[in-house]
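Commentary on secondary and tertiary structure
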Amino acid sequence: MIQENPFDEVLVSKFIAGEASPEEAILVNDWIDASEENKIYFMRLEQAWTLEKNTSGSTRKKEMVWSALEKEKNKTQQSKKKLGISPYRLAAAILLLISVSAVLYFFNISKQNPSVIVWETRQTSNEIAELNLPDGSAVKVNRNSVIKWQRKFDGSNREILLEGEAYFDVAHDPGKPFVITTPEVKLKVLGTAFNVLDNKEQNEIEAIVTRGKVLMYTPEHQIIIEAGMKGIYHKQTKALVLVKTKSNNSIAYATHSLSFSSTTLKDVSDQLSKAYGVKFVFENKKIQECRLTTEYQDKSLAFIMDVISESLNLIYTIKDNTVYISGDGCL
Amino acid sequence: MSSDQFDKLFKESFDKFFDGLHRYAFTLLKDSDKASDAVQSIFTKWWEMQTQLENQDAAKAYLYTAVYRHCLNAIRHEKVKVVHSESYVREFSTNSNVFVSPGSFEELDDQVQSAIESLPAQCQLIFKKSRLEEKRYAEIADEMNLSIKTIEAQMSKALKIMREKLQDYI
């Protein structure tokens, strides 16, 4: 503690509790900045009090924000100067061509009214589509799904309509929330990675968050889903529930990240079928009971099958999207 | 003011005030990433509006006030009530992983926990409402039928006692 500038408990407690006015915050920060000692003392006090790690004072964070600001500045300058076609614009134009007929079909947009928001659509049947949205967000759309997005994201939100299942890696833009609308429930994000599934069999909509935070809401209720959690909307009761995500295997079609813990080969093959879009045929049904404990990050199906065959003593062949497995395995 | 001067003040203010502004935003939002977003967006706004400020002192006052307003708005919009009633938790209690409540008392460090327990009853209650339930002073005052000044005084008392108890720890 320094002498000439005493520690003011009323002010500091107000500040830590988030009750300080701007003037009071300036006073507290002036005290904190007065010496390195004060700074360290304050950080420890705050951490003991809130038990949350505050990364204030991290130069990395500061640099990140500054470079984001620089980008913003350049963007405004560029749009003022009306530069020629950037690679991004070219990419957007190509996307537009691909889906324009679908847009007209779905929304029957009149050409006379340019202020109408233009939607683009992508529908998948037996394939997984990888899309880059105009804001730089990436989407992997699972099989048998429909996704629609605003062509330019020029509204106050980045609006998405979804039927089916998709995995979103959302570009960070705090000024423009990313909002996904499904027939019953909406999800709102600032920048994060998560999966949304309209699960018709279970009559529910599921959102698994792998990074960041997502707000899931209906006109009546809302929940915040954090990384490692799953939000579920029950269509019948209209209730929202949070549960812990036991495993992210169900979204491996997008992440190609799988982990098994003493899992039967039957379950492993079911997960691999969903993730890689293949069928499994077992010559000897009994080997489906063999168990496996392993993890794969972004590996090819062939790699995974090599490892499995090696560890369970099996022989496999892949032909026409079908994996044939033979051998006595663990038996 | 020329645009060069503006750019200079902008950059200098960022370098000088970022840490303090982030620290302040963090106390209001309780989330480091959200605090960064808040600071970023007030600087973006300043740059977009090209608001002319005389010197660093003026910039400082402007930025702190902007952070304050921005965060209060963000809190208002985000004041999310995690709705899950009793019946609801029961309904899904078959699933052992049902999420119960954020910031439970058990997660606190032993030393911090015993420091909190050593607080006088009223002081402790107020501290818990602020720290664990993340209630605002005004809300606590309202609930307990006390003045905001009393809450302030009790909270600073809590801080004083905690500082003493946690002397070695901190």
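Here's a quick rundown of the structure. (Residues numbered from 1 in each chain as written. Chains lettered and ligands numbered in written order. Predicted model: local features only at pLDDT ≥ 70, side-chain atom pairs only at ≥ 80, totals over all residues.)

Comments concerning the nonpolar core
Core analysis: the largest hydrophobic core is formed by 53 residues, its most contacted members being Ala 166, Phe 194, Val 196, Ala 207, Val 214, Met 216 and Ile 225 of chain A. Sorting elements by how many residues they give to this core places helix α7 (residues 265–276) of chain A first, with five residues. There are two domains that each give this core at least three residues, and those are domain 2 (87–249) and domain 3 (256–326) of chain A. Each residue touching Phe 194 of chain A, except ones within four places of it in the same chain, is listed here: Phe 168, Ala 207, Ile 208, Val 209, Thr 210 and Val 214 of chain A. Within the second largest apolar cluster, 49 residues are counted, among which are Leu 28, Phe 127, Ile 140 and Met 155 of chain B. (Core = buried A, V, L, I, M, F, W, Y, C linked by C-beta atoms within 7 Å. Buried ≥ 20, exposed ≤ 12 C-beta atoms within 10 Å, placed from the backbone. Helix = DSSP H or I, 4+ residues; strand = E, 2+ residues; numbered from the N terminus. Domains from an automatic or database assignment. Contact = placed C-beta atoms within 7 Å.)

Some remarks on helix α8 (residues 301–312) of chain A
The terminal C-alpha atoms of α8 of chain A lie 16 Å apart, and with 12 residues this matches the ideal 16 Å at 1.5 Å per residue to within 8%. Immediately downstream of α8 of chain A, the backbone of Asn 313 of chain A shows phi near 60 degrees, a positive value. (Expected span 1.5 Å × (residues − 1).)

Points about the environment of Ala 227 of chain A
Residue and element names in this part refer to chain A. Positionally, Ala 227 belongs in the loop between β12 (222–226) and β13 (229–234). Given 15 C-beta atoms within a 10 Å radius, Ala 227 is considered partly exposed. It is 7.9 Å that separates the C-alpha atoms of Ala 227 and Ile 208, two residues lying 19 residues apart in sequence.

Considerations on the sheet that holds β12 of chain A
All names here are of chain A. Strand order in this open sheet of seven strands is β1-β4-β5-β7-β8-β11-β12, and the pairing throughout is mixed. A single partner strand is all that each edge strand has here, and the edge strands are β1 (119–123) and β12. Mean inter-strand twist for the sheet, computed between neighbouring axes without regard to direction, equals 20 degrees. Here strand β7 (residues 178–181) runs beside strand β8 (residues 186–189); their pairing, made up of four bridges, is antiparallel. Pairing of Ile 180 across the sheet is with Leu 187, part of β8. (Pairing = 2+ DSSP bridges. Axes fitted to C-alpha atoms, helices over the stretch in contact; angles between N-to-C directions.)

What to know about the pairing of β12 of chain A
Each regular strand carries side chains that alternate between the two faces of the sheet. Residue and element names in this part refer to chain A. Where burial is concerned, the two faces of β12 differ: the one with Ile 223 and Ile 225 is buried and the one with Gln 222, Ile 224 and Glu 226 is not. Here five bridges tie strand β11 (residues 213–217) to β12, and the two strands are oriented antiparallel to one another. Note that in β12 the partner of Val 214 across the bridge is Ile 225.

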